[in-house]
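Listed here are the chains, written in short residue letters.
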Amino acid sequence: TKFLLIIVVLLLAVIVSAVQNNKSSKLLTILNDWLSAPEADQKLSTLSKDIHSLYVNTKAEAEMICRGLEYLKAQFSAKNYANLNDNLYTLALLFQRVKSKQAYRVLNERGIPLLVEIFNLYRNAAEEEIVRGSFREPDVFILKIFAQYNNPAGTKTLIEAIKSNYKPGDYRWHLIFDTVAENDRYNTIIGELGEFLPADFAGISYLDMCNRLAIEGKLSKHPFDNEPGYQFLRKLLQNQDPDEFTYAVSATAALPFINSRYQTELFKLASGHPDIDVRIETAWAGAKLGDEESLQQLVEFAKDYRYGKKPVRYLKELGKESLAPAETKDEDFQALVELCHWLSHPNEFGSYPDAARIVDKRELYWPSTEDRR
């Protein structure tokens, strides 16, 4: 029996290897066909619709991607920008589909310097030469790749883009700073920026990253704990545009890590804010600093099903889960909490409902867990 089991395992390994090699050869074939065609500026995404779902498994595939980048770099000299956005975006996307150390090494050592050159050529190209504002506009996405890879040239280019406020309104800055927070280069970036704070949404994204790192205990000093940071936070808390109240939540999340000489006014602005999420965040910030009144406010907020999800989570985070009101453990209450939380998401209705109620409930067999609920 053991002998047969070993044979089966070996056969499976051979099959898996064959499948992976087939996928690898598919990527190589697509890129080779693209580069070998008389009109190599055709769209990669139309040449193969599933190229975005393929992985980079081998050194040969990574080298072929670099060949593609060299071709696109040459297109700038020829001033041939046909399908440049689409093809550059597709090649850059493959940088985050790497499955082997060998492929990563090639892309990190050879691919990233090529992307740096192309990024600089792209940003300096005249507006009328390259179509801007398309979904597949690749420049900000390339900055995300720089945040992912451990290459000094890429990190330097990312820092320069931040300092020059390159496209600060692009929503992808949040993805970039999320990526930075997950690797060991955030100290380098924070150190190089010093007291410089990015503008627009890039600034909000940078603030969210700094808050995250501060909460995780990874910062000795919050980068917004200075005069420019105080002015930035105060402006967010004074903003009365309902569409930007989430920015005030981000500002409030920084308060436990800000010097006391700035705290008093900022706490006053936050506690009197018209948005309930900002006031919940204020209660969390105060409770984190050890204020009992703020802690009790969190408990009171948790009693309201309309916005009770976040206060309960904060009580747990603060090690005060035992203070959560009894009703928060009731299944009907939890169902309403989940509904209201979903409704409040910016991608749904963007606000909490005035009221909600359960119109029907029953026990059903639930296939995914194979039990009744």
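Above this text sits the structure in question.
Residues numbered from 1 in each chain as written. Predicted model: local features only at pLDDT ≥ 70, side-chain atom pairs only at ≥ 80, totals over all residues. Heavy atoms only, no water.

Undergrad: What's the story with the packing of aromatic side chains in this structure? I'm lost.
TA: Scanning the model with the defined rule gives 15 aromatic pairs in all. Ring geometry for Trp-34 and Tyr-71: centres 5.7 Å apart, planes at 80°, overall edge-to-face. One end of the pair, Trp-34, is in helix α1 (residues 2-36); the other, Tyr-71, is in helix α3 (residues 59-78), with 37 residues separating them in the sequence. For Tyr-71, a relative accessible area of 21% puts it in the partly exposed group. Connected via pairs of aromatic rings, a cluster forms that spans Trp-173, Phe-177, Tyr-206, Phe-224 and Phe-232. For the cation-ring pair, Arg-97 lies above Tyr-55, with the distance from its terminal atom to the ring centre recorded as 4.0 Å. Directly above the ring of Tyr-55 sits Lys-99, whose terminal nitrogen or CZ lies 4.6 Å from the centroid. (Phe/Tyr/Trp six-rings, centres within 6.5 Å; stacked < 30°, edge-to-face > 60°. Helix = DSSP H or I, 4+ residues; strand = E, 2+ residues; numbered from the N terminus. Buried < 20%, exposed > 50% of the residue type's maximum accessible area, 1.4 Å probe, protein only. Lys NZ or Arg CZ within 6 Å of the ring centre and 35° of its normal.)

Undergrad: Before we go on, may I ask you to explain unusual backbone geometry in this structure?
TA: Residues other than glycine predominantly adopt negative phi, and peptide bonds predominantly adopt the trans conformation. Positive phi values are uncommon outside glycine, yet Asn-165 reaches one of about 50°. The topology assignment puts Asn-165 in the loop between α7 (152-163) and α8 (173-181). Asn-165 sits in the partly exposed class, given a relative accessible area of 27%. Phi at Asp-200 takes a positive value of approximately 55°, unusual for a residue other than glycine.

Undergrad: What's the story with the layout of surface pockets in this structure? I'm lost.
TA: Rolled over the atoms, a probe with the dimensions of a water molecule shows which regions are left empty. Here the largest pocket is characterised by a volume of approximately 780 Å³. As for the largest pocket, its lining consists of 26 residues, of which Thr-246, Asp-277, Ser-344, Pro-346 and Gly-350 are closest to the centre. Mapped onto the lining of the largest pocket, the elements with two or more residues apiece are α12 (245-253), α14 (276-288), α16 (309-317) and α17 (331-344). In terms of residue count, the dominant contributor to the lining of the largest pocket is α12 (4 residues). Grouping the amino acids of the lining of the largest pocket by side-chain chemistry returns 10 nonpolar, 8 polar and 8 charged. The computed volume of the second largest pocket comes to approximately 550 Å³. Lining the second largest pocket we find 18 residues, and of these His-174, Asp-208, Thr-246, Val-249 and Ser-250 sit closest to its centre. (1 Å grid on protein atoms, 1.4 Å probe; cavity = no way out; pocket = protein on both sides within 12 Å on 5 of 7 lines; lining within 4 Å. Points joined across faces, edges and corners; volume = space filled by probe spheres on them. Nonpolar A, V, L, I, M, F, W, Y, C, P; charged D, E, K, R; others polar.)

These values are about where atoms sit, not about what they do.
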